[in-house]
Amino acid sequence: MKFDKGLIAGSSTLLVLALLEKEDMYGYQMIEALARRSNDAFQMQEGTLYPILHALEKEKYLSSYQQQAPTGRQRKYYRLTKKGKRLLDEKRTEWAAFHKGVEDVLSGGANALSYS
Amino acid sequence: MGADNRREAEWLDTATKGIRFGPDRAAVRSELAAHLEDKEADFRRIFPDMSPEEARARALEEMGQAEEIGRELGRIHTPWLGYLWTASKWTLGLTLTLALVLWGWRGLSALDTWRMLEEANEGKVPYGALVYEYYLSGDPEAPFPRQEWETEVETGITRTPIRWVEGTETVRAGLYALQVTRGALWQFEGESVEEPGVQSPRYALECELTVTGLPGLSLHPEAAYYISGTDSLGNTYQNTGQGHGTGEPYILAMELEGQGLEQRFRLSVWEVPPEAEWFRLDYDWGGVEWAITVPLKEERT
């Protein structure tokens, strides 16, 4: 299923931070993990990951280091910083509230406005 | 350069042209090129009948629009920090402050090929390579073993040193001094897990470049991407920024753990011929030039 680009763009920071919460990863690894964990629901244009990563690193939400792959190639690994973990927690809370709000409106639930 | 390599090089150039500071541009280009290599390798693994050219073309398609990515990267990578570093060469006060802050600085860890060099006196040394389990097992939940560097899985590859690097004279450049301290030209035999079908034997030069200088005045880790080379047979090797991902031979520079005034880099160069008698490193960037000729000896002394 192809999602609206706006939906993906709005959540990409949250997705990247969440991927790095448990382990450090390099860019291609993140793309693979994103596709795998979402059962291929999220398949982004892969190069667009890097401006996101670099922006997060610039703001110190992520740090990075180089490590050599067995083929001799260098890979740049990203790691979540403490500041990044705080941002992740904020984004999760924000997402949960947003998600609940959307669900409530769609389902016409208890919190939805109604006139009787 | 073939048409596909050219397309890839053009894509990388466009995606990074907005990054004005040279070392940053080289580093980002290298990162994107590594991604493309991984993507191509994946296509060939999943579709064994796919040609390398088609794999490369599909990998490029899935990367997205280079212009758009280039605009975003250019916006993020502002050059003023890089120029500040360059300007700090002329600012002694800033340098002394940096020296105090960075005295205990530690660089990055690396696979201990120097231990392999020491052990190589006994002949062939098994080359352990981390195997990405999920590639082999097909299990999507298999963990990446990259954190377990101490655990090396035996592959079919062996490596033997066939020429020795035993230290060069010290060369002075700018406000720092450089020396190649050790290394070897290695012969690799056997089939790579990650690159099955790649012809054996293959040869790679690995050597350690030691740079001594005050922090802020020494060789910037990403400026090491500008080191190119020539061997005694007239073959040339591009620097990391130019060569990575193009299929042409190049020098891969990786920063190792340093201490105090000393930084160390590992330089790896694939496909240096076994009959090469010396290798010259060349650097010309930011107003600093140097060259070091590294003899490749047949006998270890």
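Residues numbered from 1 in each chain as written. Chains lettered and ligands numbered in written order. Predicted model: local features only at pLDDT ≥ 70, side-chain atom pairs only at ≥ 80, totals over all residues. Heavy atoms only, no water.

Student: If you had to explain the overall build of chain A to someone new, which residues and values would you point to?
Tutor: Along its length, chain A carries 4 helices and 3 strands. Taken from the N to the C terminus, the helices and strands of chain A come in the order α-β-α-α-β-β-α. Looking at the 116 residues of chain A, the share that counts as buried comes to 44%. Considering only contacts within chain A whose residues lie at least 6 apart along the sequence, 44% involve residues at least 24 apart. Carbon and sulfur atoms provide 56% of the accessible area of chain A, an area that totals close to 6,700 Å². (Helix = DSSP H or I, 4+ residues; strand = E, 2+ residues; numbered from the N terminus. Buried < 20%, exposed > 50% of the residue type's maximum accessible area, 1.4 Å probe, protein only. Contact = heavy atoms within 4.5 Å. Areas by Shrake-Rupley, 256 points an atom, 1.4 Å probe, with all protein chains shown as cover.)

Student: Can you break down the packing of aromatic side chains residue by residue, with the values?
Tutor: Residue and element names in this part refer to chain A. Summed over the entire model, instances satisfying the criterion amount to 5 aromatic pairs over all chains. Plain terms: the ring middles of Tyr65 and Tyr77 are 5.6 Å apart, the flat faces sit at 10 degrees to each other, and that makes the pair stacked. Of the two residues, Tyr65 is situated in strand β2 (residues 62-68) and Tyr77 in strand β3 (residues 74-80); the sequence distance between them amounts to 12 residues. Judged by relative accessible area, which is 16%, Tyr65 ranks as buried. (Phe/Tyr/Trp six-rings, centres within 6.5 Å; stacked < 30°, edge-to-face > 60°.)

Student: A description of the pattern of salt bridges should follow, citing residues and the corresponding values.
Tutor: Residue and element names in this part refer to chain A. Taken as a whole and assessed by the stated rule, the structure comprises 21 salt bridges over all chains. Where Glu21 meets Arg92, a salt bridge forms, and the shortest distance between an N and an O atom there is 2.7 Å. In this pair, Glu21 is assigned in helix α1 (residues 5-22) and Arg92 in helix α4 (residues 82-107), connecting sequence segments 71 residues apart. Here the salt bridges do not stand alone but share partners, grouping Glu21, Lys85, Asp89 and Arg92 into one network. (Salt bridge = Lys/Arg side-chain N within 4 Å of Asp/Glu carboxyl O.)

Student: Explain the sheet that holds β2 of chain A to me, and be specific about the residues and the numbers.
Tutor: Strand-to-strand pairing in sheets goes through backbone hydrogen bonds, with the strands running parallel or antiparallel. The 3 strands are arranged β1-β3-β2 (chain A) in an open sheet whose pairing can be described as antiparallel. The open sheet has two edge strands, β1 (25-26) and β2 of chain A, and neither has a second partner. (Pairing = 2+ DSSP bridges.)

Student: Run through the confidence of the model for chain A, naming residues and quoting values.
Tutor: Parts of the model with low pLDDT should not have their predicted coordinates read in detail. Per-residue pLDDT for chain A averages 80, and the proportion of residues at 70 or more is 81%. The least confident element of chain A, judged by mean pLDDT, is α1 of chain A at 78; the most confident is β1 of chain A at 94. (pLDDT = per-residue confidence, 0-100.)

Student: I'd like a description of the environment of Glu255 of chain B, backed by residues and values.
Tutor: Residues and elements named next belong to chain B. Take Glu255: it is sitting in strand β8 (residues 251-255). The exposure class of Glu255 is buried, given its relative accessible area of 13%. Measuring from C-alpha to C-alpha, the distance between Glu255 and Arg266 comes to 6.3 Å, with 11 residues separating the pair along the chain.

Student: Provide a residue-level description of the pairing of strand β11 (residues 288-295) of chain B, including the pertinent values.
Tutor: All names here are of chain B. A one-sided burial pattern is seen for β11, the buried positions being Val288, Trp290, Ile292 and Val294 and the unburied ones Glu289, Ala291, Thr293 and Pro295. Sheet topology note: the strand β10 (residues 278-285)/β11 ladder contains 8 bridges and is antiparallel. Each bridged residue has a counterpart across the sheet, and for Trp285 the counterpart in β11 is Val288.

Student: Describe in detail the environment of Ala55 of chain A, supporting the description with residues and values.
Tutor: Here Ala55 of chain A lies in helix α3 (residues 49-58). Distance in space between the C-alpha atoms of Ala55 of chain A and Thr13 of chain A is 9.9 Å, their sequence separation being 42 residues.

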